[in-house]
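# A look at the structure
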Amino acid sequence: MKLSSWGGLLSVALVVIFNVSFPMLYAKVIDDAAGWSRLILMLAVPLCIIGFLRFFFIKEVYDVDAHTDKVTFSDIKELQERRESRAIEPSTE
């Protein structure tokens, strides 16, 4: 199997685990304010750690081969003037 297939399977497995466990945890803490805090901490702390690990250890690489022209303010102004003149004149189509 390819890496993207494993990534998809892992994502689905984690979603299933969350969707099964969250209602069970919710049922246990529904009537206690401290329970709500524990439930949120059980979700927030691991997700925060995962986010920080990803931020520090996974380098984002932008390898773009496409060449784009530099857009200047005069280009934008010219385009805007053409649009305004088109909006004033009735369409002949």
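Structural notes, computed from the coordinates. (Residues numbered from 1 in each chain as written. Predicted model: local features only at pLDDT ≥ 70, side-chain atom pairs only at ≥ 80, totals over all residues. Heavy atoms only, no water.)

### Notes on the environment of Phe18
Definition in use: We count a stretch as a helix when DSSP gives it H or I for four or more residues in a row; a strand needs E for two or more, and each element gets its number in order from the N terminus. Categorising residues by exposure relies on relative accessible area from a 1.4 Å probe, with only protein chains included: less than 20% of the type maximum marks a residue as buried, more than 50% marks it as exposed, and the intermediate range marks it as partly exposed.
By secondary structure assignment, the location of Phe18 is in helix α1 (residues 3–29). Assessed through its relative accessible area of 38%, Phe18 is described here as partly exposed. When the C-alpha atoms of Phe18 and Leu43 are compared, they prove to be 9.8 Å apart, with 25 residues separating the residues in sequence.

### Quick notes on the pattern of salt bridges
Here is the rule: Each reported salt bridge corresponds to a side-chain nitrogen of Lys or Arg within 4 Å of a carboxyl oxygen of Asp or Glu.
Under the criterion given, the structure shown has 2 salt bridges. Glu60 is the salt-bridge partner of Arg54, the closest N and O atoms lying 3.8 Å from each other. Glu60 sits in the partly exposed class, given a relative accessible area of 47%. The salt bridge partner of Glu78 is Arg82, with a shortest N-O separation of 4.0 Å. Placement of both Glu78 and Arg82 in helix α3 (residues 73–88) is noted, with a separation of 4 residues, approximately one turn of the helix.

### Here we look at the packing of aromatic side chains
What counts is decided by this rule: Each Phe, Tyr or Trp ring, with Trp reduced to its six-membered ring, pairs with another whose centre is within 6.5 Å; inter-plane angles below 30 degrees give stacked pairs, above 60 give edge-to-face pairs, and intermediate values give tilted ones.
Within this structure, the stated rule accounts for 5 aromatic pairs. With centroids separated by 5.4 Å and ring planes inclined at 25°, the aromatic side chains of Phe18 and Phe22 adopt a geometry described as stacked. In this pair, Phe18 and Phe22 both sit in helix α1, 4 residues apart, roughly one turn of the helix. Measuring from ring centre to ring centre gives 6.4 Å for Phe22 and Tyr26, while their planes differ by 25°; the resulting arrangement is stacked.

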